[in-house]
Amino acid sequence: MKTIKSIIGGAALLLAAGTAALAARTDLVVGVVLEPPHLDPTASAAAAIDEIVYANLFQGLTRVGRNGAVEPSLAESWDVSEDGKVYTFKLHTGVKFHDGTDFDAEDVKFTLDRARAEDSTNAQKQLFAAIDTVEAVDPQTVKVTLKTPQGAFLYNMGWGDAVIVAPESADGNKEKPIGTGPFKFDSWAKGSAVRLVRNPDYWGDPVALEKAEFRIVPDAAAAIPALLSGDVQAFPQMPVGDALSQIESDPRFVVKIGATEGETILAMNNGKEPFNNLKVRQAIAHALNRPEIIAGAGYSEAPEIGSHFSPANSAYVDLTGTYPYDPANAKELLAEAGYPDGFKATLKLPPPPYARQGGEVVASQLRQIGIDLQIIPVEWAQWLEQVFKNKDYDLSIVSHTEPNDINIYARDDYYFNYSNPAFKEVINTLDVTSDPERRADLYKTAQKIIAEDAVNGFLFQLPKIGVWDAKLQGLWENSPIQANDLTEVKWTD
Amino acid sequence: MSLLSIENLSLDIAGTPILKDVDLTIEPGEVLGLVGESGSGKSMTALTVMQLLPEAARARGQVTFNGIDILKAPEEAMCRLRGDDLGMVFQEPMTALNPVKTIGEQVAEGIRWHTGASRANAEDRARAMLDRVGLPEAKFPLSRFPHQLSGGQRQRVVIAIACALNPKLLIADEPTTALDVVLQAQILELLRELVVENRMGLLLISHDLAVVADMADRVTILRHGEVMESGPTASVLTEQRHPYTRRLAEASTHVPARPHTPASPNTEPTRLLEVSNIVKDYPGARKGLFSRAKPFRAVDDVSFSLDTGHAVALVGRSGCGKSTLARMILALDTPTAGEIRLAGENLAGKSQRELRHARRDMQVVFQDPYGSFNPRHRVERLVAEPLHLLDEKPSAQNRRERVAEALHLVGLSPADMEKFPHEFSGGQRQRISIARAIITRPKLIVADEPVSALDVSIRAQVLDLFADLNHRLGLTYLFITHDLTVARAITDEVMVMHEGQIMERGPTHAVLDAPRTEAARALVNAAPDLNQSLKKRRHLEAGK
Amino acid sequence: MSIDPTLHENPDEPHFLKTALTDRSFAIGSCITLLIAAMALLSFLWTPYDITVLTVADKLQGLSLAHPFGTDHLGRDILSMIMIGARNSIAVAIVAVGIGMGVGVPLGCWAAARGGLVDEVLMRFNDLVFAFPALLSAIMITAIFGPGAVNAIIAIGIFNVPVFARVARAGALSVWPREFILAARAAGKGKFLISVEHILPNIVALLLVQGTIQFALGILAEAGLSYLGLGAQPPMPSWGRMLFEAQTRMIVAPHLALFPGLAIVVTVLGLNLLGDGLRDLLDPRLRRER
Amino acid sequence: MTAYLAKRLLIGLATLVVASMVVFAVLEVVPGDPALIMLGMNAEPEALATLREQMGLNQPLLMRYLDWASGMIVGDFGRSYTYSSPVIELIGERAAVSLPLALLSLVLSTVIALPVGIFAASRRGRPADTISMGVAQVGVAIPNFWFALLLIYLFAVWLRLVPAGGFPGWNAGLWPGVKALILPAIALALPQAAILARVTRSAMLEVLGEDYIRTARAKGMPRRVVLWHHALRNALIPVLTILGLQFAFLLAGTIIIENVFYLPGLGRLVFQAITQRDLIVVEGVVMLLVASVVLVNILVDIGYAIVDPRLRTRQ
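Residues numbered from 1 in each chain as written. Chains lettered and ligands numbered in written order. Predicted model: local features only at pLDDT ≥ 70, side-chain atom pairs only at ≥ 80, totals over all residues. Heavy atoms only, no water.

**Q** How would you explain the overall build of chain C if you had to name every residue and give the values?
**A** When you go through chain C residue by residue, the secondary structure sums to 10 helices and 0 strands. Reading chain C from its N end, one meets helices and strands in the order α-α-α-α-α-α-α-α-α-α. Within chain C, the proportion of its 290 residues that are buried is 60%. Summing over all exposed atoms, chain C offers an accessible surface of approximately 11,200 Å²; the carbon and sulfur share of this is 72%. (Helix = DSSP H or I, 4+ residues; strand = E, 2+ residues; numbered from the N terminus. Buried < 20%, exposed > 50% of the residue type's maximum accessible area, 1.4 Å probe, protein only. Areas by Shrake-Rupley, 256 points an atom, 1.4 Å probe, with all protein chains shown as cover.)

**Q** Account for the sheet that holds strand E5 (residues 68–69) of chain B, naming residues and giving values.
**A** Residues and elements named next belong to chain B. Strand order across the open sheet formed by 4 strands is E2-E1-E4-E5, with antiparallel pairing between neighbours. Every interior strand has two partners, whereas the edge strands, strand E2 (16–26) and E5, have only one. Note: strand E1 (residues 4–13) against strand E4 (residues 57–65), 8 bridges, orientation antiparallel. Considered in E4, the bridge of Ser5 is made with Thr64. (Pairing = 2+ DSSP bridges.)

**Q** So what's going on with the UniProt feature "domain: Solute-binding protein family" (unreviewed entry) in chain A? Residues and values would help.
**A** Mapped onto the present numbering, the UniProt feature "domain: Solute-binding protein family" (unreviewed entry) falls on residues 70–400 of chain A. The span residues 70–400 of chain A carries 25% helix and 26% strand; its end-to-end C-alpha distance comes to 21 Å. (UniProt positions renumbered as here; feature names shortened; annotations may be inferred.)

**Q** Can you tell me about the UniProt feature "transmembrane region" (unreviewed entry) in chain C, naming the residues and giving the values?
**A** Per the UniProt annotation, the sites labelled "transmembrane region" (unreviewed entry) are residues 26–46, 90–113, 125–144, 199–230 and 250–275 of chain C. The span residues 26–46 of chain C is 95% helix and 0% strand, and its two end C-alpha atoms sit 29 Å from each other.

**Q** Residue-level account of the packing of aromatic side chains, with values.
**A** A full pass over the atoms with the stated rule returns 31 aromatic pairs over all chains. Aromatic side chains Tyr339(A) and Phe343(A) sit 5.2 Å apart centroid to centroid with 65° between the ring planes, which places their arrangement in the edge-to-face category. For Phe343(A), a relative accessible area of 11% translates into the label buried. One aromatic cluster is present, built from ring pairs that chain together Trp383(A), Phe388(A), Tyr393(A), Tyr409(A), Tyr414(A), Tyr415(A), Phe416(A), Tyr418(A), Phe423(A) and Phe458(A). One residue, Arg87(C), lies across the ring of Phe44(C), its end atom 4.2 Å from the ring centre. (Phe/Tyr/Trp six-rings, centres within 6.5 Å; stacked < 30°, edge-to-face > 60°. Lys NZ or Arg CZ within 6 Å of the ring centre and 35° of its normal.)

**Q** Let's hear about the environment of Leu142(B): which residues, and what values?
**A** Secondary-structure assignment places Leu142(B) in the loop between helix H4 (119–132) and helix H5 (151–163). Classification of Leu142(B) as buried rests on a relative accessible area of 11%.

**Q** Account for a nonpolar patch on the surface, naming residues and giving values.
**A** On the surface, Leu41(C), Leu42(C), Phe44(C), Leu45(C) and Trp46(C) cluster together into a nonpolar patch covering about 610 Å² of accessible area. Within the fold, Phe44(C) resides in helix H2 (residues 24–45). (Patch = residues over 30% accessible without salt bridge, like charges linked within 9 Å, V, L, I, M, F, W, Y side chains within 5 Å. Salt bridge = Lys/Arg side-chain N within 4 Å of Asp/Glu carboxyl O.)

**Q** Got a sec to walk through the packing of helix H7 (residues 144–158) of chain D against helix H8 (residues 174–208) of chain D? Specific residues and values, please.
**A** All names here are of chain D. Interhelical geometry of H7 versus H8 gives an angle of 140° and a closest axis separation of 9 Å. Relative to H8, the element H7 is oriented oblique. With respect to the hand of their crossing, H7 and H8 are arranged in right-handed fashion. Contact residues: H7 offers Asn144, Phe147, Ala148, Leu151, Ile152, Phe155 and Ala156, while H8 offers Leu183, Ile186, Ala187, Leu188, Leu190 and Pro191. (Axes fitted to C-alpha atoms, helices over the stretch in contact; angles between N-to-C directions. Parallel < 35°, antiparallel > 145°, perpendicular 65-115°, else oblique. Left-handed = near helix turned anticlockwise from the far one by under 90°. Contact = heavy atoms within 4.5 Å.)

**Q** Now, about the pairing of strand E12 (residues 253–268) of chain A: what can you tell me, with residues and values included?
**A** All names here are of chain A. The pairing of E12 with strand E16 (residues 457–469) spans 11 bridges and is classified as antiparallel. The partner of Lys256 across the bridge, within E16, is Gly466. Examined bridge by bridge, E12 and strand E15 (residues 395–400) share 6 bridges and lie antiparallel to one another. Looking across to E15, one finds that Ile265 is bridged to Val398.

**Q** Help me get a handle on the interface of chain D and chain C, residues and values and all.
**A** The partner chain C presents 41 residues to the 42 residues of chain D that form the contact. Taken together, both faces of the contact between chain D and chain C bury some 3,600 Å²; the carbon and sulfur share is 78%. At the boundary of chain D and chain C, one finds 1 salt bridge. For the pair chain D and chain C, the interface holds 3 residue pairs in polar contact (both at pLDDT 80 or more). Put simply, the parts of the chain that give the side of chain D that touches chain C at least two residues each are helix H1 (2–28), helix H6 (127–141), H7, H8, helix H10 (223–260), helix H11 (266–275) and helix H12 (279–307) of chain D. The biggest single contributor to the side of chain D that touches chain C is H1(D), with 9 residues. (Buried area = accessible area lost by both parts, 1.4 Å probe. Polar contact = N/O pair within 3.5 Å; in protein donor to acceptor, adjacent residues only side chain to side chain.)

Take a look at the structure:
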């Protein structure tokens with residue numbers, strides 16, 4: 001069998017060799033899981049948009065770098081006033097949009113005013129909520145005045161939702177995005193691929209790639225053959241499942257398991273019987289065997305979490321031991337809570353494998369302590385409608401991929417239905433605190449509160465399994481923000 | 001040397017013997033009649049000569065045609081023979097032509113294949129041949145498709161195909177069985193002419209002694225795959241040396257014994273059925289999206305009456321409207337206009353419930369002994385079906401008794417109740433059909449071609465049964481038939497129907513011996529008659 | 001007037017069973033079908049492993065004595081999953097055929113009996129349903145009303161209705177002109193009674209044959225829907241979803257895709273053979289010469 | 001003939017109208033707020049309300065139906081909620097993949113099935129018949145997506161002869177485009193070919209048992225000529241029927257197959273649109289598919305009339 005394969009394979013290789021390029025390649029096909037609904041990052045929360053356009057097509061005043069730090073982008077430098085309320089940005093000169101129009105302070109003012117306007121459809125309006133006024137001092141200088149000091153303001157300006165757009169082209173960005181980045185939009189074959197080409201008039205360091213294609217590869221079933229056959233050369237975040245070991249052992253590819261901001265949780269409806277009972281939530285927490293869930297979800301390794309916080313963050317505390325795996329204890333807690341024979345509930349699962357497969361494991365584990373879960377798979381649209389909007393659910397599994405989003409536990413009316421004044425107090429203080437050490441302490445307190453309250457079942461940090469051709473360099477290993485920055489990517493031979 | 005000689009031909013299909021040591025010969029220009037009842041192996045003999053047997057068939061013996069050993073001839077040799085020296089005409093003209101090819105193509109195809117003639121040349125010859133068989137180009141261009149022709153016309157096309165290259169031997173397998181008597185006479189005449197013109201041998205296969213007597217110089221009688229008797233037609237059929245020949249001949253002309261007066265001669269005849277001015281229109285075919293052809297009038301202002309105890313035949317060519325009339329009388333179809341009264345009660349426009357009473361008084365016997373029973377019911381249930389019409393449902397016991405009695409009346413045993421219809425022969429089934437018809441003790445029985453599908457010997461027995469029941473139960477009959485022999489055998493009166501109208505009515509013998517109208521005359525003249533034919537044939541043979 | 005040779009069915013030949021077993025298609029088909037059915041029934045009482053208990057540590061094992069077909073990505077025994085999956089496939093297909101027959105056959109018989117406008121409307125309705133590619137509509141139905149075995153059954157069942165209506169109507173139309181129907185009418189029986197007593201028994205063979213075909217198609221359709229994640233939901237295993245789950249792991253564990261696929265092929269093959277055999281046996285016109 | 005075709009056309013149109021009502025009615029009961037879906041998980045209520053207004057979701061149902069239906073007549077299928085582009089454009093882009101795929105597989109299955117079916121019929125009961133029909137029997141039983149998986153792993157992953165999936169776009173050239181469609185077309189075509197071969201064989205056998213075949217043979221025509229000139233054309237009638245049905249089946253089959261090969265075709269568009277509740281796209285694509293089925297049925301009816309003179313010349 002093996003010989004046959006090598007004979008036929010050899011023949012195929014000979015055929016292929018004729019067409020193989022000899023010079024170093026300057027084209028790249030990147031596989032992404034989700035197709036963007038459109039390409040305007042300022043008009044949707046969809047991560048799929050940022051994963052294509054962030055840093056490649058569009059740029060903001062600041063940006064988040066490969067290690068999660070805030071770096072200058074269109075703003076060369078900035079000054080912050082004593083009271084932390086006035087930010088003065090110094091802009092780069094000689095920057096042009098892809099349509100040839102000049103970039104200046106008026107564009108910044110337009111962008112920020114548009115995003116925080118009454119009829120704005122920006123999905124992250126709260127990023128701009130602190131802004132009081134925006135003023136174009138001169139073409140190269142912008143002054144932003146805040147209502148109250150905001151510790152994360154520079155970070156906020158680095159989000160994809162805060163990229164700078166031009167008044168001339170902003171309305172057409174959904175279909176034909178016009179930014180300032182090193183790549184220009186080329187074409188979008190809907191359902192298939194978005195293609196970018198190098199921007200010859202780029203103001204910064206030129207990029208190595210001539211052409212970059214983001215091909216939509218929805219699931220592992222399609223991704224693995226696409227990778228193995230060389231159709232797609234890089235998957236920054238590959239839906240690979242159990243095939244990982246096979247790919248790791250293949251010298252043609254490198255596999256980088258990095259961190260993301262995705263806290264994967266077993267969300268519980270804290271506003272609903274019996275999950276409003278702390279003992280029930282604790283029992284569930286004790287019943288969860290994280291390594292098994294991680295393995296079942298298809299990951300060979302992933303950091304376990306004990307609260308809603310990324311282990312990559314310097315303010316992280318390990319709280320995985322708060323409620324260790326202990327089914328016997330879980331059963332007792334259930335009995336104490338008044339459910340000696342357990343109860344029935346539903347588990348709504350969105351499409352990603354971590355939810356669908358992890359959900360089967362979670363259901364099996366909860367069945368051990370008498371909780372009988374009916375699994376209801378839902379599409380994202382239904383999940384948003386039923387779980388997120390209408391809070392019509394018992395349990396769900398989802399990964400919260402926004403960075404530093406522990407503050408969602410302080411929101412009223414969030415889908416967890418969790419309300420703890422003490423926690424809100426912590427978050428409020430955090431909002432007006434800019435001292436890094438003090439902020440870290442506050443984060444730690446916040447983590448502990450929700451861990452002890454067992455608001456949700458905290459499972460693991462979603463790993464970023466990056467797989468790409470061994471000859472590729474410069475791709476991000478971690479994912480501090482939803483982005484696939486191609487500016488430093490190049491082929492090595 | 002004979003044109004065709006068959007010696008010791010035995011045939012079996014998948015192990016079942018079909019023919020046993022069959023011998024026959026045909027000389028050029030001779031007509032051989034091959035006679036036998038269904039299942040006697042007539043058709044298989046013909047297909048053996050053509051080498052068109054089913055794949056599982058195995059033939060032994062010797063078949064020599066024109067010096068060629070047919071059984072040993074390779075397929076290519078047979079292809080050269082078939083359609084050239086050997087032609088064949090089949091029974092069913094409706095299906096014998098390819099529906100997607102024009103008649104011109106179908107006739108010309110064989111000519112081109114065998115002679116290598118050009119298309120135009122072959123078409124010329126096809127045109128001439130079609131003209132010869134009575135389909136002149138002016139009325140029947142080559143571009144006609146089979147579905148645009150009637151059954152008789154299609155049979156002419158089949159004959160044209162078979163005779164296109166003047167075959168030495170023509171095999172005609174029941175060529176007229178599917179046609180009505182008038183068409184039958186025309187087709188037989190055509191065959192006769194072709195034989196004379198081309199000095200063809202003709203192997204005419206038929207179940208009908210009268211047809212064979214009319215056509216054949218010699219006759220071979222086949223039964224269960226064996227030759228019973230063989231010889232010149234007139235002597236074989238007149239002398240009737242072989243008992244089977246005698247039985248066949250007698251059955252063909254059988255007239256049941258029946259008192260020629262109705263059951264109760266003393267009483268004044270009572271009027272049972274009164275049909276007045278009845279009309280039936282069928283909507284015309286759709287011509288366009290919103291237009292239709294004008295309606296087709298199947299029954300056109302028909303009036304007649306039937307007295308109790310009488311047996312009346314309704315005869316006519318196929319399509320003359322006789323079956324439609326019968327269905328209306330049975331209240332299975334509603335007349336467009338007119339009135340039907342059964343024992344004084346008007347049937348038109350009544351609901352099924354109101355008709356129950358009338359239905360009890362009239363029942364029906366159909367032609368097809370296979371199709372007239374639900375194959376999934378047992379005889380008891382089949383025969384008892386009309387008991388549904390009784391106002392009170394009989395008990396199971398009572399029901400069985402009635403069924404047993406009805407079966408007894410038609411000459412079957414009560415034990416037959418438990419059987420399924422397929423366990424009976426055709427004749428027995430027709431008896432069951434009659435048992436079903438009489439179980440409610442009706443006054444009127446409408447019989448639609450009740451013996452047409454039966455072999456002659458069986459036919460005689462069933463006719464006897466009809467005669468017997470007429471006498472014993474005082475039944476009134478309306479026989480629908482195209483077969484004048486049946487009418488002659490069993491009815492008191494005859495009505496001749498033509499194109500929806502009753503043309504002539506009178507005592508059976510009067511009408512059939514001396515028809516007054518054109519329609520009746522055509523029918524009578526065309527009807528084959530064994531005795532007449534034999535008389536002619538004897539004359540002919542004596543003349544030789 | 002000629003006698004139609006197709007009418008000579010002998011449904012109750014004494015040698016029916018004997019003939020049946022000599023029909024190769026029927027013999028093989030019924031054996032396979034019985035085997036699969038037996039497997040499904042057995043799964044109610046016993047399976048090699050309890051598949052509700054996950055032992056993730058044992059995941060993706062190859063073939064062994066302990067797990068003849070290996071284990072899946074959550075450590076479940078594939079053989080046990082296939083056994084229980086058979087139950088699901090069969091249940092979905094049977095109920096869907098039941099819906100199709102239950103609604104379609106009366107409709108078809110009604111149309112044939114009434115003719116005219118009723119018939120026309122019903123046939124146009126059939127055209128309408130046939131104009132919707134069945135799988136697409138099934139996907140729509142399950143996607144809109146939520147995935148799950150029940151919705152899959154309804155979706156597949158709806159599209160069986162016109163199929164059976166059409167077959168029943170065609171069959172009934174060929175029976176209506178037969179003389180025994182005339183005889184029944186002469187015996188005063190109404191259309192309903194005739195349909196029940198005479199039409200139905202005579203089209204039962206047709207319906208049975210079509211039933212096995214739709215059964216097989218139902219299993220394929222269910223597999224397709226489950227493959228798209230719209231069929232039976234976990235923890236209930238289904239062959240289609242097993243294939244979907246296997247697809248991503250084919251380079252590490254090809255056996256995952258092999259056995260559920262084979263299960264589908266064998267079951268559908270068995271049913272199709274059974275249908276062919278039945279047709280051969282019940283419709284003498286198509287009976288092969290042997 | 002004209003009356004026959006006019007009737008078929010009228011029925012087709014009526015079917016489309018009723019179908020549009022059914023589609024609209026069914027899809028309007030779907031739960032799911034398109035505006036929320038567009039804006040995503042953390043969208044704020046005011047933004048949502050604004051968007052709902054912009055999208056006309058607040059109008060009464062009947063108005064929305066009439067708007068939509070009348071728009072379709074002039075080729076305006078509305079605007080996708082998820083992709084903010086006109087539905088007709090999306091359909092156009094996707095049809096450029098699906099249509100060639102469906103046609104390719106239809107041609108493939110016909111080219112394979114007809115000769116096999118005819119051959120098997122002419123060799124009835126012999127080994128060639130038994131073997132080819134045995135293979136066809138198995139072919140009918142194989143789910144096409146499973147077959148697709150096997151093909152991908154054999155030809156794309158193992159032998160690397162063709163791409164594993166995806167579509168380079170026709171801009172990339174004809175050959176790369178066709179190459180990307182080969183495996184999906186085979187996966188779609190083979191099970192269909194198996195069905196078609198079986199139907200062809202039984203139609204041929206039925207026709208070969210007809211009286212007129214005997215007439216043709218009695219004319220001296222050899223078997224081969226009888227098979228091709230007399231039997232085939234008559235056998236085409238049931239074959240055409242099945243071909244028409246298969247087209248509808250192929251269209252639906254593309255949904256699964258396009259998902260397996262991640263081809264950006266109509267099938268994937270509609271499947272994605274359903275899961276994303278992009279109703280306007282679902283409605284448009286479903287109507288398009290229904291219309292094409294209706295169209296194919298009319299073509300089949302015309303095919304009948306060409307093959308069968310009884311329909312052509314009915315008086």
